[in-house]
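# Summary of structural features
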Amino acid sequence: MYDLIVIGGGPAGYVGAIKAAQDGLVTALFEMDALGGTCLNRGCIPTKALLHYAELYASIGRFSEYGITVENASFDFSKMHEKKAQTVASLRSGIEQLLKANKVTVIRGRAELKDAHTVCCNGEVYEAKNILLASGSTPAIPPIEGAEYALTSDDLLERSDRFYPRLAIVGGGVIGVEMAQVYRALGSEVSVFEAMDRLLPMMDRELSQSLNMVLKKRGVLIHPAARVQRIVKNGDFLTLFYSEKGRDESIEADGVLICTGRRPNTAGLFADGLNIEFNGRAVAVDSKYQTSIRNVYAVGDINGIMPLAHAAEAQALAAVAYMQGKAPAIDPALVPSCVYTDPEIASVGMTADEAKAAQIPIRSGKYVMGSNAKTLIEGRERSFIKLIFHADSDKLLGAQLCCAHATDLISELTLAIANGLTSAELLKGLRPHPTFVEGITEAIEASHGQNIHSMPTRR
C-alpha cells in the first residue's frame, strides 16, 4: 500500500507527489498523457514561448529608432513551433528526472477512483492511505452553432503546420488576449469578441482599459459585449456571425479560436456508483481541499477554485501538509494573476473597488511608468503601477501592475501582503536604479502624495 496516490501529472500532481515523497511518504503518480499537464504541454509554457518569439519579430520594426538596420525580416512559423517544442521537451524531461530522483513511482495510464483508498489502472488495483486528485481541465466549448469548425487553444498551440493570416478570437480573457498579441505581432488581422463589456473582465478595470488601448493601437479589432451566433465554413475560410450594439454583423477569417474558459477534467475519473460531491462541474472541496470522501483530496483546476498553474501547485502543497496533520507553509489563497502580453499585467490581493465594496478604508498610490528611466530606455508603451493600502493600518492590501516585467515584480508585492507589510516597511529597502522595480517605490510614495520622480497623480 502507498501512503499517497496522485492522479494527474500536471503542476498540482507532480509538485504534490514530489513534496509528499520528500516528506517520507511512499508515493505513486498516475498520468495517462505527458507529464507537465496542460500548463507545460498545451498552455502556459508554449504560449509564453510563442509570445516571446512574436515579440522579438515585432521589435524588428522599431530597430531603426535605435540606429539598427535590418533588411528583409521574415519569420518561419514551423521553426518557432520547433523551438517551442524543444523548450517543452526539456522541461518535461526535468520533471521526469525530479520524480525519479525523489523516488516517486510513475504509472502510465488512465486511473479510476474506486473508493477512498483504491485506484484501478490498466487492469491493476492500487491502494493508498490518501488519494490526491489533480486531473486538470479541458477547454470549454460554448453551444455555438458551427463550433466544430473552430480551434481550441490546445489545437492552436499544436498546429505548427498552419499560420492564420486572419484570426477571429472568441473570448477576451487571458488566453484570448495573449493569442491575439502573438498573431498580431506576426502580422495577422486579429479580431477579438468578448461577451462582457471589456477585455479581462475578471481583473481590475484600469488594467483592462490599458490593455484595450494598447491592442487597439497595434491594430487588433476588439468587439466588447458581442454575442457570437454561429460559425459557417465556406471552402478554405470561415464566416463568423455575431451581434453587437443591436446589429447583426459577420466577419470572414482563416481560423476561429474559441477560448471561453476551461472545465474540470473528470471524464473516466470516478467509478460508476461512486458518491462524490460536485460543485457544478467541479469537485467540491472543503478548506483543506478534502472532498466529500474522507482521505480523498482534489487540487488544481479540478476543484474550480483558481485555474492557474501556480495556484494548483500551492493547493497541492497545502493538501499534502493537511493530510499529514500539518499547517501549510504557503497561503494558497493569496494568488497573483498574470497576463503575459506586452506590457505584462499582474494583480494580487484586493482592488480598490473590492475594498470599497467591503467598506474597507483605503489609500491608493499610482505611478505612471512614463517617467521611469528603464521604461524610457527600452521604449516601452503605456504602463503603470497601482498600490492599495489600508487607510488606518497602512498595510498593503493589493497591487495592480501594467508594465514591463510586471509578472516578476508582483512577487515582491505578494510577499508584502502575505506578511502584512506597511508602506513604511516597504520603503525601508532600497531599490536599484535604473530598474523597473523603482516604480514600486514611486507608487508607495504616491500613496502619501509624495512624488519624487514624477508629477503628482490624483488619487
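Heads up: these notes are all about the structure in this document. (Residues numbered from 1 in each chain as written. Predicted model: local features only at pLDDT ≥ 70, side-chain atom pairs only at ≥ 80, totals over all residues. Heavy atoms only, no water.)

### Digging into the pattern of salt bridges
Under the definition given, this model contains 24 salt bridges. Close ionic contact of Lys48 with Glu178 constitutes a salt bridge, the shortest N to O distance being 2.9 Å. Of the two residues, Lys48 is situated in helix α3 (residues 44–59) and Glu178 in helix α6 (residues 174–185); the sequence distance between them amounts to 130 residues. Judged by relative accessible area, Lys48 falls into the partly exposed class, the value being 23%. Taking the relative accessible area as the measure of exposure, Glu178 reaches 2% and is therefore buried. Here Glu206 and Lys386 are joined by a salt bridge, their closest N and O atoms 2.9 Å apart. With Glu206 in helix α7 (residues 205–217) and Lys386 in strand β22 (residues 384–390), the pair connects residues that are 180 residues apart, well separated along the chain. Overall, the relative accessible area of 18% leaves Glu206 in the buried class. Classification of Lys386 by relative accessible area gives buried; the value is 11%. (Salt bridge = Lys/Arg side-chain N within 4 Å of Asp/Glu carboxyl O. Helix = DSSP H or I, 4+ residues; strand = E, 2+ residues; numbered from the N terminus. Buried < 20%, exposed > 50% of the residue type's maximum accessible area, 1.4 Å probe, protein only.)

### Remarks on the sheet that holds strand β19 (residues 337–339)
Sheet strands pair by backbone hydrogen bonding; their relative direction is either parallel or antiparallel. Pairing is antiparallel in the open sheet, where 5 strands are placed in the order β19-β20-β23-β22-β21. Looking along the sheet, the strands with just one partner apiece sit at the ends: β19 and β21 (362–368). Averaged over all pairs of adjacent strands, the angle between strand axes in this sheet comes to 10°, irrespective of strand direction. The pairing of β21 with β22 spans 7 bridges and is antiparallel. Directly across from Ser364, in β22, lies its bridge partner Ile388. (Pairing = 2+ DSSP bridges. Axes fitted to C-alpha atoms, helices over the stretch in contact; angles between N-to-C directions.)

### So, the packing of aromatic side chains
Under the counting rule described, the total for this entry stands at 9 aromatic pairs. Where Phe75 meets Phe163, the ring centres are 5.3 Å apart and the plane angle is 65°; that geometry is what we call edge-to-face. You can see Phe75 sitting in the loop between α3 and α4 (77–101) and its partner Phe163 sitting in the loop between α5 (153–158) and β8 (166–170), a full 88 residues away along the chain. For Phe75, a relative accessible area of 27% puts it in the partly exposed group. Taken together, the ring pairs in this structure connect Tyr57, Phe75, Phe77, Phe163, Tyr164 and Tyr183 into an aromatic cluster. Cation over ring: Lys366 sits above Phe384, and NZ or CZ is 4.8 Å from the ring centre. (Phe/Tyr/Trp six-rings, centres within 6.5 Å; stacked < 30°, edge-to-face > 60°. Lys NZ or Arg CZ within 6 Å of the ring centre and 35° of its normal.)

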